[in-house]
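So the chains spell out like this:
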Amino acid sequence: MMELSVPSYVVPGTWAENLRWLLENTSQRRVELLFFMYDNETRSMLKDELQTILDLSRHFSYTVHLPDSIAADSRELVQAFSRVSDGFVVHPPRTLSELTPFCALMDAWRDSFGPDRFFLENTRMEPFALADALPYTHGPMKLCVDVGHLVLEGIDPSAFIAQHASRIRELHVHGVHAGKDHGPLTGRESWLVAMQDFLRTYD
């Protein structure tokens, strides 16, 4: 059965503040913890809140969105949430020179934390396709499909999803308006209507 998730920035505030707000004000119990960067400020904030986030896993299911640029020190985040996260969303590298180190890093993390717990997201099709085709030790990675990114690039989401259906572990679904994504959905988008058969059986 498909489960709906929300990002950890629903109201202005920290991860813990958002989790408490969701717990007190909604029935939503699946959350993607967002870490778009992992700098000293983020480390300090996480140090203050990590135990609270872990404690709240009694109420919530988590996935973790890792920093936009994956680096060796991002392993600290994977380690911190390895007991409570169902999976980790990763962006492909932006440059060709980063592809080989990215593959080595994913191989090492999949060895340590499980081969199916890392979901490669389609940020833009070219870097995604290059990263997806790398010779990973454990075979192709599972996928996080961002539908808005596909729409912006003129790619039919339903066709892309049908092609990769067996590997998809997470969908990011949001509206696209006037060339900008992460907007509200109307429910009448043609690409969303075309996805209905898949969504009915997606687990």
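Everything that follows concerns the structure shown earlier in this document.
In this text the structure is predicted, and so the values were computed from the model without any measurement.

Asker: Describe in detail the overall build of the protein, supporting the description with residues and values.
Answerer: For the protein, the count of helices and strands is 9 helices and 9 strands. The C-alpha radius of gyration computed for the protein amounts to 17 Å, which stays within 12% of the reference 17 Å derived for 203 residues, consistent with globular compactness. Its C-alpha atoms give the protein principal-axis dimensions of about 45 × 40 × 30 Å. The buried share of the protein, taken over its 203 residues, is 47%.

Asker: Describe the nonpolar core, naming the residues involved and giving the relevant values.
Answerer: In this structure, Y62, L66, F81, V90, F102 and W109 are the most contacted members of the largest nonpolar core, which totals 51 residues. Counting residues per element, this core draws most heavily on helix 4 (residues 99–113), which supplies 7 residues.

Asker: Account for the pairing of strand 3 (residues 61–65), naming residues and giving values.
Answerer: A large share of strand 3 lies buried, amounting to 4 of its 5 residues. What joins strand 2 (residues 30–34) to strand 3 is helix 2 (residues 40–55), and the crossover it makes is right-handed. Where strand 3 and strand 4 (residues 85–90) come together, 3 bridges link them in parallel fashion. If you follow Y62 over to strand 4, its bridge partner there is S85.

Asker: Can you break down the layout of surface pockets residue by residue, with the values?
Answerer: The rolling of a water-molecule-sized probe over the atoms marks out the regions of remaining empty space. Here the largest pocket defines a volume of roughly 1,000 Å³. Elements that contribute at least two residues to the lining of the largest pocket include exactly strand 1 (6–7), strand 2, strand 3, strand 4, strand 5 (118–121), strand 7 (168–172) and strand 9 (180–183). Here the element with the most residues in the lining of the largest pocket is strand 7; it accounts for 5 residues. In terms of residue class, the lining of the largest pocket is built from 15 nonpolar, 10 polar and 9 charged.

Asker: Describe unusual backbone geometry, naming the residues involved and giving the relevant values.
Answerer: For residues other than glycine, phi is negative in most cases, and the peptide bonds are mostly trans. The backbone phi angle of A178 is positive, close to 50°, even though this residue is not glycine. Examined against the element boundaries, A178 turns out to sit in the loop between strand 8 (175–177) and strand 9. Residue H182 is not a glycine yet carries a positive backbone phi of 60°. Examined against the element boundaries, H182 turns out to sit in strand 9. On the accessibility criterion, H182 (55% relative accessible area) is exposed.

Asker: Please give an account of the sheet that holds strand 6 (residues 142–146) that cites residues and values.
Answerer: An order of 1-2-3-4-5-6-7 is seen for the 7 strands of this open sheet, with the pairing classed as parallel. Looking at which strands have only one partner, the edges of the open sheet turn out to be strand 1 and strand 7. The pairing of strand 4 with strand 5 spans 3 bridges and is parallel. Bridge pairing in strand 5 places V90 opposite L120.

Asker: Provide a residue-level description of the pattern of salt bridges, including the pertinent values.
Answerer: Tallied over the entire structure, the rule returns 6 salt bridges. Close ionic contact of R30 with E3 constitutes a salt bridge, the shortest N to O distance being 3.2 Å. A residue pair is termed long-range when its members are at least 10 positions apart, and R30 in strand 2 and E3 in the segment before strand 1 qualify at 27 residues. For R30, a relative accessible area of 15% translates into the label buried. Taking the shortest distance from any N to any O, the salt bridge between E76 and R43 comes out at 3.6 Å. Here E76 is found in helix 3 (residues 75–81), whereas its partner R43 is found in helix 2, with 33 residues between them in sequence.

Asker: Run through the environment of L66, naming residues and quoting values.
Answerer: Topologically, L66 is positioned in the loop between strand 3 and helix 3. Among residues more than four places away in sequence, those in contact with L66 are F35, L77, V78, F88, V89, V90 and W109.

Asker: Any chance you could break down the side chain of S82 for me, citing the residues and the numbers?
Answerer: Topologically, S82 is positioned in the loop between helix 3 and strand 4. Reaching out from S82, the side chain makes a polar contact with the backbone oxygen of Q79 at a distance of 3.2 Å.

Asker: I'd like a rundown of the pairing of strand 4, residues and numbers included.
Answerer: Of all 6 residues that make up strand 4, 5 are buried, and the element is covered over most of its length. This β-α-β element, strand 3 to helix 3 to strand 4, shows right-handed connectivity. Note on the crossover from strand 4 through helix 4 to strand 5: the handedness is right-handed.

What counts as what
- Residues numbered from 1 in each chain as written.
- Predicted model: local features only at pLDDT ≥ 70, side-chain atom pairs only at ≥ 80, totals over all residues.
- Heavy atoms only, no water.
- Helix = DSSP H or I, 4+ residues; strand = E, 2+ residues; numbered from the N terminus.
- Rg over C-alpha atoms; globule rule 2.2 N^0.38 Å.
- Buried < 20%, exposed > 50% of the residue type's maximum accessible area, 1.4 Å probe, protein only.
- Core = buried A, V, L, I, M, F, W, Y, C linked by side-chain atoms within 4.5 Å.
- Right-handed = clockwise from strand over helix to strand, strands pointing away.
- Pairing = 2+ DSSP bridges.
- 1 Å grid on protein atoms, 1.4 Å probe; cavity = no way out; pocket = protein on both sides within 12 Å on 5 of 7 lines; lining within 4 Å.
- Points joined across faces, edges and corners; volume = space filled by probe spheres on them.
- Nonpolar A, V, L, I, M, F, W, Y, C, P; charged D, E, K, R; others polar.
- Salt bridge = Lys/Arg side-chain N within 4 Å of Asp/Glu carboxyl O.
- Contact = heavy atoms within 4.5 Å.
- Polar contact = N/O pair within 3.5 Å; in protein donor to acceptor, adjacent residues only side chain to side chain.

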